[in-house]
Amino acid sequence: MHGTASGIAFLAASPREAAEAYVDKPLPTFTPHTVTQPDRLMKAIRLAAKRGYSSSSQGYEEGVHSIAAAILGSDGRPLGALAVASPVSRADDSMAASQGEAVIQAARLISARLAGEA
């Protein structure tokens, strides 16, 4: 979960204790860019929780940048995540912010529909 934007978004929407328990486990390296330091991963999780979406650049697969937002159940706990992946060569801060807003809106709609609210 620590190598992908989807996993980080899921952890960000999870109870703090669950995220901390995950971070306390050994974190395997998938690429040279994978965040495996617990403090850096917790910082990414807190940032994702604050802004509503996560971002991962080459954390699981080299050359891939992704943005994700959690899909929540009616109890407010994460059921999954919605992600957009693109080549790193096409990702910049402006595009990431735009994709972030799009995944937030889509994940909220999916969450609402799953809960029977939309």
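Residues numbered from 1 in each chain as written. Predicted model: local features only at pLDDT ≥ 70, side-chain atom pairs only at ≥ 80, totals over all residues. Heavy atoms only, no water.

(A) View of the pattern of salt bridges. In the structure shown here, the tally under the stated rule is one salt bridge. One salt bridge connects Glu20 with Arg16, and the closest N-O pair in it is separated by 2.8 Å. One end of the pair, Glu20, and the other, Arg16, are both in helix α2 (residues 16–23), four residues apart, so they sit about a helical turn from each other. Residue Glu20 is classed as partly exposed on the basis of its relative accessible area of 32%. Residue Arg16 is classed as partly exposed on the basis of its relative accessible area of 49%. (Salt bridge = Lys/Arg side-chain N within 4 Å of Asp/Glu carboxyl O. Helix = DSSP H or I, 4+ residues; strand = E, 2+ residues; numbered from the N terminus. Buried < 20%, exposed > 50% of the residue type's maximum accessible area, 1.4 Å probe, protein only.)

(B) Representation of unusual backbone geometry in the model. The residue Gln58 is not glycine, and still its phi comes out positive at about 65 degrees. Within the secondary structure, Gln58 sits in the loop between β1 (54–57) and β2 (64–72).

(C) Structural detail: the nonpolar core. Core analysis: the biggest nonpolar cluster contains 12 residues, these being Ile8, Leu11, Ala12, Ala19, Tyr22, Val23, Leu27, Val35, Leu41, Met42, Ile45 and Ala48. Secondary structure elements with two or more residues in this core: α1 (5–13), α2 and α3 (38–51). Residue contributions to this core peak at four residues, all from α3. Grouped together as the second largest cluster of nonpolar side chains are eight residues, Ile67, Ala69, Ile71 and Val103 included. (Core = buried A, V, L, I, M, F, W, Y, C linked by side-chain atoms within 4.5 Å.)

(D) Examining the packing of α1 against α3 more closely. Orientation of α1 relative to α3, taken along the N-to-C sense of each, is 75 degrees, at an axis distance of 8 Å. The angle between the axes of α1 and α3 places the two elements in the roughly perpendicular class. Between α1, through Ile8, Leu11 and Ala12, and α3, the contact on the second element is made entirely by Leu41, Ala44, Ile45, Ala48 and Ala49. Here the residues of the contact of α1 with α3 are counted per class, giving eight nonpolar, no polar and no charged. (Axes fitted to C-alpha atoms, helices over the stretch in contact; angles between N-to-C directions. Parallel < 35°, antiparallel > 145°, perpendicular 65-115°, else oblique. Contact = heavy atoms within 4.5 Å. Nonpolar A, V, L, I, M, F, W, Y, C, P; charged D, E, K, R; others polar.)

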